[in-house]
Amino acid sequence: MTQTLPQSPFGHPTVHAPGRRRRRRLLAALLVVAALATALVVRRLLDDSERDYLSTNGWPTIGQGAYRVGDETRRASGHQDPVPIASVAKVMTAVVVLEHRPLDPGEEGPELKVTSADVADTDRRRGRDESIVPVESGEQLSERDALMALLLPSANNVAIMLARFTSGSVADFVAEMNRTAHRLGMSDTTYTDPSGFDERTVSTAVDQLALAEAAARDETLTEIMQTRRYRLPVGGTVRNTDTLLGRGGFVGMKTGSDDAAGGCFMFRAYRSVDGVNVQVIGVVLGQHGHHLITAGLYAAKQLVDRVAPEPAHP
């Protein structure tokens, strides 16, 4: 009896080669295993969560920090010299905006209309690899929308829009940022822009702690900085860069990072101290690691874990 071989698409008999197929499957499996192993190694190398950012006395080994536990006097590391603070500067931007146009929790507030100049500015910033959210000419952003874009994904383009919306010009807004800093006793702080992208915007951890305490007293600002994700009209869903939010008692505030500033984090957490829930507010600046934002986050986490080890809830 003659056996007919199956035809290939090209009209030639197809010859089955079980050994060849097994070798190919084995090679494919080995490639998958190698890819997974490589991914795990890379993830481990880039994971800053288990790195030691603390010296033996609890402060970050590099950069600077300051904190306050409950009603205690502020405590700070040495070397409180003015340094770039990156997007932590946006907290002052939000404070100034809300002083001009206060919002109740949940209130949307007045609307900002996106102009063609705003779109052009966004495109320029995108070209410089700045943090932005997409906008369209004619788009309407409520004040709450704009503050969410400012503080969650840290949109530099929206910082400029809010400055003009609030004070008429960026220069006038920056002048107001500096007046507010002076009023809060932030004597080592200079703001040169509303986003913190300019490395001449400098401060110290002690000064930024004073700002953090002021920001924590604003219910609307607190609510916004506790938001994990938010949907914008054109930009779509944006997410908070603070990945510690909701973990270990952390309830906000603002991250910042760039090459000049390193990793920075203004933070707020609740911990149990001697059986009492207390608030821990603080700032770390100038942290370095494989991922700058993560370096700032975990430097803060390890500092809070040292001064008040047991997480609590507000």
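For the structure, see preceding data.
Being a predicted model, the structure only gives us computed values, none of them experimental.

Sorry if this is basic, but what is going on with the overall build of the protein here?
A tally of helices and strands in the protein yields nine helices and 12 strands. Burial statistics for the protein: of 314 residues in total, 49% are counted as buried. When contacts within the protein are restricted to residue pairs at least 6 apart in sequence, those whose partners lie at least 24 apart make up 64%.

Which parts of the structure should I look at to understand the nonpolar core?
Note on soluble globular proteins: their nonpolar side chains tend to be buried together. With 59 residues, the main nonpolar core has Leu147, Leu162 and Tyr191 as its most contacted residues. If you look at the next biggest cluster of nonpolar residues, it comprises 18 residues, including Phe250, Phe267, Leu297 and Ala308.

So what exactly am I meant to see when it comes to a negative patch on the surface here?
A cluster of like negative charges, contributed by Asp104, Glu107, Glu108, Glu111 and Glu219, occupies part of the molecular surface. Take Asp104: it is sitting in the loop between α2 (90-100) and β4 (111-113).

Looking at this model, I keep getting lost on the packing of aromatic side chains. Mind explaining?
Each aromatic ring pair is characterised by the separation of its centres together with the angle its planes make. Under the counting rule described, the total for this entry stands at three aromatic pairs. Arranged with centres 5.2 Å apart and planes meeting at 35 degrees, the rings of Trp59 and Tyr67 form a pair that is tilted. Judged by its relative accessible area of 14%, Trp59 falls in the buried class. A connected cluster of aromatic rings, assembled from ring pairs, spans Phe250, Phe265 and Phe267.

Hey, could you run me through helix α3 (residues 116-127) in this one?
Because each turn of an α-helix spans 3.6 residues, side chains separated by three or four positions end up pointing in the same direction. The end-to-end C-alpha distance of α3 is 17 Å, a good match for the 16 Å that 12 residues give at a rise of 1.5 Å each. Residues of α3 that are buried: Asp118, Val119, Asp121, Thr122 and Arg125. The arc enclosing the buried residues of α3, seen along the axis, measures out at 160 degrees, which places them on a common side. Exposed side of α3, more than 90 degrees from the buried face: Ser116 and Gly127 are the residues found there. The first or second residue beyond α3 is Asp129, which carries a positive phi of 65 degrees.

What am I meant to see in a positive patch on the surface here?
On the surface, a cluster of positive charge is made up of Arg21, Arg22, Arg23, Arg24 and Arg25. Note on placement: Arg24 falls in helix α1 (residues 18-46). Residue class for Arg24 comes out exposed when judged on its relative accessible area of 56%.

What should I look at first to understand the environment of Glu72 in this one?
Structurally, the position occupied by Glu72 is in the loop between β1 (64-69) and β2 (75-76). Given the relative accessible area of 34%, Glu72 is considered partly exposed. Linking Glu72 and Val280, residues 208 residues apart in sequence, is a C-alpha distance of 9.8 Å.

When you look at the pairing of β1 in this model, what are you seeing that I'm missing?
The side chains of a regular strand alternate between both faces of the sheet. Counting buried positions along β1 gives five out of six residues, so the element sits mostly inside the fold. The sheet contact formed by β1 and strand β11 (residues 276-287) spans six bridges and is antiparallel. Across the sheet, the residue bridging to Gly65 is Val284, located in β11. Bridge analysis of β1 against β2 gives two bridges, and the strand direction is antiparallel. By the bridge assignment, Tyr67 is partnered in β2 with Arg75. Adjacent in sequence and paired antiparallel, β1 and β2 are bridged by five residues, among which Gly70 carries a positive phi angle near 60 degrees.

Cut-offs used in this document
The numbering scheme is per chain: residues are counted from 1 as the chain's sequence reads. Where local features are concerned, this predicted model is filtered to residues with pLDDT of at least 70; where side-chain atom pairs are given and counted, the filter is 80 or more; whole-chain, interface and lining totals use all residues. Computation of side-chain values: all heavy atoms of the structure, hydrogens and water removed. Per the convention used, a helix needs a DSSP run of H or I reaching at least four residues, while a strand needs a run of E reaching at least two, with both numbered from the N terminus. Each residue is assigned to one of three classes by its accessible area relative to the maximum for its type, calculated with a 1.4 Å probe on protein chains only: buried under 20%, partly exposed between the two thresholds, exposed over 50%. Contacts: residue pairs with any heavy atoms within 4.5 Å of one another. Residue types Ala, Val, Leu, Ile, Met, Phe, Trp, Tyr and Cys, when buried and joined through side-chain atoms within 4.5 Å, form a set referred to as a nonpolar core. The patches described consist of residues with a relative accessible area above 30% and no salt bridge, like charges being joined within 9 Å and nonpolar side chains (Val, Leu, Ile, Met, Phe, Trp, Tyr) within 5 Å. Residue-level accessible areas treat just the shown protein chains as cover; the underlying method is Shrake-Rupley with a 1.4 Å probe. The salt bridge definition used is simple: a Lys or Arg side-chain nitrogen within 4 Å of an Asp or Glu carboxyl oxygen. Note on charges: Lys and Arg go in the positive column, Asp and Glu in the negative column, and His and the chain ends are not counted at all. Working definition for charges: the position is that of NZ of Lys, CZ of Arg, CG of Asp or CD of Glu. By convention, a stacked pair of Phe, Tyr or Trp rings (six-membered ring in the case of Trp) has centres within 6.5 Å and planes under 30 degrees apart, an edge-to-face pair has planes over 60 apart, and any other such pair is tilted. Expected span of a helix: the number of residues minus one, times 1.5 Å. This arc is taken over the directions from the axis of the helix to the C-beta atoms. In this scheme, strands are said to pair when DSSP sees at least two bridges between them.

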